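Residue-level listing of the chains:
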Amino acid sequence: MKKAKILLTLFLAVIFLVLPLSTNGATETQDQNDGCAAPTGGDSLADVAKFPMYQVFAPTMNRLTKARLLFSAVNTSTITLTIKDMGGNSLGQTSAVLSSGWVNFTFASDIALTSGLSYQIQLTREATANAAWNYCQPAGYGGGYAVTGGVIIPDKDYNFQTYGHNEQSAVS
C-alpha cells in the first residue's frame, strides 16, 4: 500500500511537471529566432508611418504555438500579433500586454504552417501603444526579413523567436 502511494505521488508529480511544457501532447520547442546577439535599434509602434510593420520567417515546424518579441521603452499597452501567410490572409492572432524585454504571444490553439514556406509576424497597435520593437541591422536571420512602412528591408530583422512542434499526419 505504501509503495502504491509513493508510485502514485511520483506519477502525479511527473504529469503536473510535464504537461505544462507541452501543447496538445507535443513538446513545444524553439523553431526560429532572429539570430541576433544584441539589438541595434528599435522602431516605434507609435509612428504610424512605420506600419505595416512585420517580420517574415520560414518555419521548420508545422505547428506554431507561441511567438516572442523583444520590446523596449514601453507604456504597457496591449498589442495584437497576427500570423499571416504571404498573401496577407490571417492564420491566427493573439494579444499581450507589452513590457520591456521579451514578450510572449501564446496562441489559444496551434497554428498550422507548412515547413519552408514564408509567413509574417505582424503587429496591430492600439492608439495608446508606445513601445519600440527592437531589431538587428545588419540582419542575422537568413530565413526572412523585416518590413517597415510597407518597405522590405532585407538587411534588417526584428527581434523574434517562434515556438512550436511537428504534428504527424494521421495514417489512413
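Presented here is a report on the structure given in the accompanying data block. (Residues numbered from 1 in each chain as written. Predicted model: local features only at pLDDT ≥ 70, side-chain atom pairs only at ≥ 80, totals over all residues. Heavy atoms only, no water.)

## Things to note about the overall build of the protein
Phase 1 of the analysis: What the protein contains, in helices and strands, is 1 helix and 15 strands.
Phase 2 of the analysis: With 172 residues in all, the protein has 41% of them scored as buried.
Phase 3 of the analysis: Sequence-distant contacts, at least 24 apart, represent 77% of the contacts inside the protein between residues at least 6 apart.
Phase 4 of the analysis: For the protein, the exposed surface amounts to about 9100 Å²; the carbon and sulfur share of it is 57%. (Helix = DSSP H or I, 4+ residues; strand = E, 2+ residues; numbered from the N terminus. Buried < 20%, exposed > 50% of the residue type's maximum accessible area, 1.4 Å probe, protein only. Contact = heavy atoms within 4.5 Å. Areas by Shrake-Rupley, 256 points an atom, 1.4 Å probe, with all protein chains shown as cover.)

## Observations regarding the packing of aromatic side chains
Two measures describe an aromatic ring pair: the distance that separates the ring centres and the angle between the ring planes.
Phase 1 of the analysis: Taken as a whole and assessed by the stated rule, the structure comprises 6 aromatic pairs.
Phase 2 of the analysis: Between Tyr135 and Tyr158, the ring centres sit 6.4 Å apart and the planes meet at 85°, which makes this aromatic pair edge-to-face. Note that Tyr135 is positioned in strand β11 (residues 132-136) and Tyr158 in strand β14 (residues 157-158), a separation of 23 residues in sequence. In this structure, Tyr135 and Tyr158 share a single accessibility class: buried. (Phe/Tyr/Trp six-rings, centres within 6.5 Å; stacked < 30°, edge-to-face > 60°.)

## Let's talk about the sheet that holds strand β7 (residues 78-85)
Phase 1 of the analysis: The strand order across the open sheet formed by 6 strands is β8-β7-β10-β5-β12-β13, and the pairing between neighbours is antiparallel. Taken across any chain shown, the strands that pair with only one partner, and hence form the sheet edges, are β8 (90-97) and β13 (151-153). Neighbour to neighbour, the strand axes of the sheet diverge by 25° on average, direction disregarded.
Phase 2 of the analysis: The pairing of strand β12 (residues 146-148) with β13 spans 3 bridges and is classified as antiparallel. Bridged to Thr148 within β13 is Val151. (Pairing = 2+ DSSP bridges. Axes fitted to C-alpha atoms, helices over the stretch in contact; angles between N-to-C directions.)

## Some thoughts on the nonpolar core
Phase 1 of the analysis: The biggest cluster of nonpolar side chains holds 28 residues, and the ones touching the most others in it are Leu45, Phe57, Leu69, Phe71, Leu81, Ile83 and Trp133.
Phase 2 of the analysis: Among the secondary structure elements, those contributing two or more residues to this core are β5 (53-57), β6 (63-72), β7, β9 (101-112), β10 (119-124) and β11.
Phase 3 of the analysis: Not counting the four nearest positions on each side in its chain, Leu45 is found in contact with Phe51, Met53, Phe71, Ile79, Leu98, Leu123, Arg125, Ala129, Ala131 and Trp133. (Core = buried A, V, L, I, M, F, W, Y, C linked by side-chain atoms within 4.5 Å.)

## Considering the pattern of salt bridges
Phase 1 of the analysis: A full pass over the atoms with the stated rule returns 4 salt bridges.
Phase 2 of the analysis: One salt bridge connects Lys156 with Asp43, and the closest N-O pair in it is separated by 2.5 Å. In this pair, Lys156 sits in the loop between β13 and β14 while Asp43 sits in strand β4 (residues 41-44), placing the two residues 113 residues apart along the sequence.
Phase 3 of the analysis: Residue Lys156 is classed as buried on the basis of its relative accessible area of 5%.
Phase 4 of the analysis: Asp43 sits in the buried class, given a relative accessible area of 4%.
Phase 5 of the analysis: The partner of Arg63 in a salt bridge is Glu167, with the nearest N and O atoms 3.2 Å apart. Of this pair, Arg63 sits in strand β6 while Glu167 is found in the segment after β15 (160-165), placing the two residues 104 residues apart along the sequence.
Phase 6 of the analysis: Residue classification places Arg63 among the buried residues on the basis of a relative accessible area of 19%. (Salt bridge = Lys/Arg side-chain N within 4 Å of Asp/Glu carboxyl O.)

## A look at the pairing of β15
Phase 1 of the analysis: When you tally the buried positions in β15, you get 6 out of 6 residues, the bulk of the element.
Phase 2 of the analysis: The two faces of β15 match: Phe160, Thr162 and Gly164 on one face and Gln161, Tyr163 and His165 on the other face are all buried.
Phase 3 of the analysis: Where strand β3 (residues 29-33) lies against β15, 3 bridges are found, and the strand directions are antiparallel. In the sheet register, Gln30 faces β15, and the bridge partner there is Tyr163.
Phase 4 of the analysis: Note: β6 against β15, 6 bridges, orientation antiparallel.

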